[in-house]
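Summary of the model geometry
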Amino acid sequence: MAATAVLAVTMLLVDNSLRYALALAFDRTRKDAAPVGSSPMPVDGGNAVTKEIIVASMQHNLLLKGSVTVCVVGAVAVAAAWFVSGRLLRPLQAISSTAGAIAGRTLHRRIALQTRTGEIKALADSFDSMLDRLDQAFASQERFIANAAHELKTPIAVNRTLVEVAMNRREAPPEVLNLGENLLAVCVRHERLIDALLTLARTTDAVTERSPVDLADLARSALDGVAGKAASRTITVDAALTPAVTSGDPVLLEQAVRNLVDNAIRYNVPGGSVAVRTASGRHGATVTVGNSGPVIAEHEIPGLFMPFRRLTDRVGSARGSGLGLSIVRAVAHAHGGEVAASPRSGGGLDMEMTIPVDAQAGP
């Protein structure tokens with residue numbers, strides 16, 4: 001477009017200049033129209049025709065040859081630009097592909113761009129330096145979580161052992177036994193709270209190590225674990241577990257499914273019902289847990305997924321720590337999935353967790 005504009009302006013300038021020169025050459029009324037020593041050119045109708053022929057010939061030659069020149073120069077410019085831009089963008093494509101692989105898999109890979117020193121080399125080196133710092137930070141966080149788990153659980157285990165020893169003494173009075181039972185219940189709640197917090201901390205980042213997991217097997221194991229609790233409260237369990245294979249962290253996914261099933265039993269009404277479904281669709285593997293229970297409004301649903309938030313009782317009671325659904329949402333997000341809740345008209349909730357199938361994931 002720029003070359004065409006230059007050609008058009010050139011034609012206008014040459015046309016104006018040529019017409020002015022021809023007018024001077026063919027105008028007999030001016031004494032300086034003809035060169036010195038030559039006879040003046042006659043003025044008749046043929047001169048006007050001659051001038052138009054000259055102008056038309058000039059325009060035709062300029063347009064034809066100029067167009068050919070524009071096409072040739074344009075083709076050369078496009079080829080040169082394609083070659084130069086390809087050389088410039090190739091390192092950027094390498095950086096982008098490596099960054100995508102690092103974001104989806106592990107922080108241990110580096111770009112390590114092998115090219116001459118320049119802006120792109122400096123960008124790649126800066127990105128590698130940032131990855132080094134992030135890798136160190138995440139490694140430090142993992143060490144902190146492991147140390148925190150040990151330091152937090154050890155005193156509770158010691159306290160529980162001391163209480164059990166005191167309760168097992170023959171001369172222990174009934175008051176001590178009653179106090180010991182209460183203290184053991186407190187220790188169990190504290191251990192459950194610590195486990196939930198540590199699980200929530202581990203699931204803040206995307207899962208990097210994946211292996212095939214069937215959500216149906218996880219749901220079946222979770223139902224076996226709550227069978228006694230459901231029977232004691234006369235809760236009917238309806239399970240339709242079809243294969244729902246995905247890829248992810250088996251421990252985290254098992255924790256998420258167990259939390260869904262446990263919440264459905266724990267926050268149910270005596271004589272209520274629980275329905276568990278697993279399926280595999282185009283969006284991934286899905287596990288759905290529905291239960292009867294108290295009526296919950298639509299605007300109260302987001303609060304269920306907030307840490308330490310419950311609707312029916314205070315945090316720290318015997319019914320839970322308020323982290324169950326927060327862990328479910330964190331696990332789903334860590335696997336690139338989603339979890340949604342919808343209230344039932346007669347009371348209770350329908351919870352659905354979807355984990356996409358990662359075809360490229362491997363153990």
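Basis of the calculations
- Residues numbered from 1 in each chain as written.
- Predicted model: local features only at pLDDT ≥ 70, side-chain atom pairs only at ≥ 80, totals over all residues.
- Heavy atoms only, no water.
- Pairing = 2+ DSSP bridges.
- Helix = DSSP H or I, 4+ residues; strand = E, 2+ residues; numbered from the N terminus.
- pLDDT = per-residue confidence, 0-100.
- Contact = heavy atoms within 4.5 Å.
- Core = buried A, V, L, I, M, F, W, Y, C linked by side-chain atoms within 4.5 Å.
- Buried < 20%, exposed > 50% of the residue type's maximum accessible area, 1.4 Å probe, protein only.
- Expected span 1.5 Å × (residues − 1).

A closer look at the pairing of strand 6 (residues 338-343)
Put simply, side chains in a regular strand alternate between the two faces of the sheet. As paired elements, strand 6 and strand 7 (residues 349-355) share six bridges and run antiparallel to each other. In the sheet register, A340 faces strand 7, and the bridge partner there is E352. What sits between strand 6 and strand 7 in their antiparallel hairpin is a turn of five residues, with G347 showing a positive phi close to 115°.

Quick notes on the confidence of the model for the chain
When pLDDT is averaged along the chain, the result is 78; 81% of the residues meet or exceed 70. Predicted confidence is poor over residues 29-44, with pLDDT under 50, and the contacts of this stretch with residues over four places away or in other chains come to 14 contacts. Confidence drops under pLDDT 50 across residues 313-318; counting only partners more than four residues distant or on other chains, this segment forms 10 contacts.

Here we look at the nonpolar core
Side chains of nonpolar character tend, in soluble globular proteins, to be buried together. Core analysis: the largest hydrophobic core is formed by 39 residues, its most contacted members being V257, L260, V289, M351 and M353. When residues of this core are traced back to their parent elements, those giving at least two are helix 5 (215-225), helix 7 (250-266), strand 4 (273-281), strand 5 (284-291), helix 8 (301-304), helix 9 (324-334), strand 6 and strand 7. Element by element, the count of residues in this core is highest for helix 7, at eight residues. Beyond its immediate stretch of four places on either side in the chain, M353 contacts A256, V257, L260, A285, T286, V287, V328, A332, E338 and V339. In terms of nonpolar packing, the next biggest core, distinct from the first, is built from six residues, A149, I156, C187 and I194 among them.

Side note on helix 3 (residues 119-167)
Compared with an ideal rise of 1.5 Å per residue, which puts 49 residues at 72 Å, helix 3 spans 72 Å between its outermost C-alpha atoms and is within 8% of the ideal. Looking only at helix 3, the buried set comprises K121, A124, D128, L131, D135, I145, A148, A149, I156, V163 and M167.

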